[in-house]
Amino acid sequence: MDFKLEYMEHLFAKISKKKTESYVISRIWHQLNDDRVKFVVQQYIRRTQDRYALSDLYLPQLNIFIEINEPFHKNNVEVDNIRNEEILKVTSSKPIVIDCDCDIQEIHRQVTAVVSLIRQRITDVGDKFKPWDDASTLIVEYHRNKGYLKVEGNECLRTTEDVAAVFGTKPKHRGFLRASGAAVPNKKNEIIWWPNTEHRLWCNQLSEDGMYIYEYPKADNKRAEHLRHWLSAPEETRITFLRYKDDLGFCFYRFVGVFRLDKEKSKQEDKCVWERISDTYQLNV
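Looking at this model, I keep getting lost on the overall build of the chain. Mind explaining?
From N to C terminus, the chain includes nine helices and 16 strands. Looking at the chain residue by residue over its 285 residues, the buried ones come to 43%. For the chain, the proportion of contacts with a sequence separation of at least 24, taken over those separated by at least 6, is 55%. For the chain, the exposed area adds up to about 16300 Å²; of that, 48% sits on carbon and sulfur atoms.

If you want it as C-alpha cells, here you go:
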C-alpha cells in the first residue's frame, strides 16, 4: 500500500471520534489538495517544565499550528490565550484558530482562509520547502546511499531486517525468538541494537534528553545478574535504533545514537545505564 495513503487513513481513524475536528481537518486536506504537505495531529508541545499541549493539527514543514475550537472553548478563552502565547514562545509560531461555534458557511470561510495561508507560506518558503517524502527515507538504500546516521535527522526504518540490512547483515534468531541486536560486520565490539520500549519482559527507557537508555529485566530477581554480566563484560558500543509506536499506530525503529555502558552510573542506579557517546554514525558501505 502507498505509505501516504496508509498514513492518512491512520490519521483520520485516530480523530474519527472528534467529529468536528475530523470534519475540519478533512476539509483542509481536501481543499489544499497537495500531498507534499504532511499533516500531524495531536502534536506534543512542551509549554513549560511541567506542562504540555497537544496541537490539533501541525504542519511540520511550515511550522504551522492549527487549533480547532469547538463551542466548549468559549468557557476557556483566558486559558486558551495563555496556552497559545506559551506555544508561540516555545515554537515561534502563533497557533491559527478555527472557531467552530458558528454555522457551516462560516467554518468553510475560515478553512478557505487557512488553506490560502498555507499556500502562501509554501510560496514564501520557496526552494527551501521540502516535500513530504517519508516513504523514501524509510528504505535501506536511502540510508546506505547517504552514508551516515544522525539523530537530528529523525531517521527511521520499519523492520529489524531493514535496520540490519543498512549495515550489510541480517538479524539472528534464538529458536523462535529474535535477538535484540546483531554484530556490525568487520567492527570489533560494535553491535546494532534495537531495544523495544514496550517489551513484555524488559524495560528499555530513553531519557527525556536522549542521552541515556536505562535497561533492566522487569523481573526483580534477574536484575542483579544482568547488571553483573555487563559490568564484567568487554566494552561494547551499541548503534541504537529504538522501537516505538507513533501516535497513529505505526511501528518504527528510530536511530537514537551510539551508546556505551556508563559503569559508574549503572552501579549507582542498580541497572544498566547506556550513555550516548555520539549522535552520528558513519556507515562503511
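Once the structure has been displayed, the description carries forward.
I keep staring at the packing of aromatic side chains and nothing clicks. Help me out?
How two aromatic rings sit relative to each other is set out by the distance from centre to centre and by the angle between their planes. Throughout the structure, instances matching the rule amount to eleven aromatic pairs. Between Tyr58 and Phe65 the ring centres are 4.4 Å apart and the planes differ by 20°, which places this aromatic pair in the stacked class. Tyr58 gets classed as buried once you look at its relative accessible area, which sits at 14%. Note on Tyr212 and Tyr214: the rings are 6.4 Å apart at their centroids and 35° apart in plane angle, and the pair reads as tilted. By the burial criterion, Tyr212 is buried, and Tyr214 matches it. What links up through ring pairs into an aromatic cluster is the set Phe167, Phe241, Phe255 and Tyr281. Sitting over the face of the ring of Tyr244, Arg254 holds its NZ or CZ atom 5.2 Å from the ring centroid.

So what exactly am I meant to see when it comes to unusual backbone geometry here?
The phi angle of most residues is negative, glycine excepted, and most peptide bonds adopt the trans form. Phi at Asn154 is positive, roughly 50°, even though this residue is not glycine. Tracing the sequence through the fold places Asn154 in the loop between strand E5 (148–150) and strand E6 (156–157). Looking at Asn154, the relative accessible area reads 48%, which means it is partly exposed. The phi angle at Asn189 is positive, at roughly 60°, despite the residue not being glycine. By the secondary structure assignment, Asn189 is in the loop between strand E9 (181–183) and strand E10 (190–193). By relative accessible area, which is 39% here, Asn189 ends up partly exposed.

I keep staring at the packing of helix H1 (residues 3–14) against helix H2 (residues 19–32) and nothing clicks. Help me out?
Between H1 and H2, the least distance of the axes is 10 Å, while the angle of their chain directions is 155°. When the axis of H1 is compared with that of H2, the two are roughly antiparallel. Here H1 and H2 pass one another in a crossing that is right-handed. Residues Met8, Leu11 and Phe12 of H1 pack against Ser22, Ile25, Ser26 and Trp29 of H2. Of the residues contributing to the contact of H1 with H2, the split by class is five nonpolar, two polar and no charged.

Sorry, what's going on with helix H4 (residues 104–125) here?
Note on helix geometry: an α-helix contains 3.6 residues per turn, so any two residues three or four positions apart are oriented the same way. With 22 residues, H4 extends 32 Å between its outermost C-alpha atoms, agreeing within 8% with the 32 Å of an ideal straight helix rising 1.5 Å per residue. Among all positions in H4, only Ile107, His108, Gln110, Val111, Val114, Val115, Ile118 and Ile122 are buried. The buried residues of H4 occupy one face: seen down the axis, they fall within an arc of 165°. Residues Gln105, Thr123 and Asp124 are exposed on H4 and point more than 90 degrees away from its buried face. With its phi angle positive at about 65°, Gly126 sits one or two positions after the end of H4.

Explain the confidence of the model for the chain to me, please; I cannot follow it from the model alone.
Should the pLDDT be low somewhere, the predicted coordinates at that spot are not to be read in detail. Taken residue by residue, the chain gives an average pLDDT of 86. The fraction at 70 or more is 85%. Averaged pLDDT values for the elements of the chain fall to 49 in strand E8 (residues 177–178) and rise to 97 in strand E15 (residues 272–278).

Would you mind showing me how to read the nonpolar core here?
Note on soluble globular proteins: their nonpolar side chains tend to be buried together. Counting residues in hydrophobic clusters, the biggest one holds 39 residues, and the most contacted among them are Tyr7, Leu11, Ile25, Ile28, Phe39, Ile66 and Ile118. In terms of residue count, H4 provides more of this core than any other element does, six residues in total. Beyond its immediate sequence surroundings of up to four residues, Ile25 is in contact with Leu11, Phe12, Ile15, Phe39, Val41, Asp56, Leu57 and Ile68. One finds Leu157, Ala164, Ile192 and Ile239 within the second-largest nonpolar core, a separate group that totals 18 residues.

Cut-offs used in this document
- Residues numbered from 1 in each chain as written.
- Predicted model: local features only at pLDDT ≥ 70, side-chain atom pairs only at ≥ 80, totals over all residues.
- Heavy atoms only, no water.
- Helix = DSSP H or I, 4+ residues; strand = E, 2+ residues; numbered from the N terminus.
- Buried < 20%, exposed > 50% of the residue type's maximum accessible area, 1.4 Å probe, protein only.
- Contact = heavy atoms within 4.5 Å.
- Areas by Shrake-Rupley, 256 points an atom, 1.4 Å probe, with all protein chains shown as cover.
- Phe/Tyr/Trp six-rings, centres within 6.5 Å; stacked < 30°, edge-to-face > 60°.
- Lys NZ or Arg CZ within 6 Å of the ring centre and 35° of its normal.
- Axes fitted to C-alpha atoms, helices over the stretch in contact; angles between N-to-C directions.
- Parallel < 35°, antiparallel > 145°, perpendicular 65-115°, else oblique.
- Left-handed = near helix turned anticlockwise from the far one by under 90°.
- Nonpolar A, V, L, I, M, F, W, Y, C, P; charged D, E, K, R; others polar.
- Expected span 1.5 Å × (residues − 1).
- Arc of directions from axis to C-beta.
- pLDDT = per-residue confidence, 0-100.
- Core = buried A, V, L, I, M, F, W, Y, C linked by side-chain atoms within 4.5 Å.

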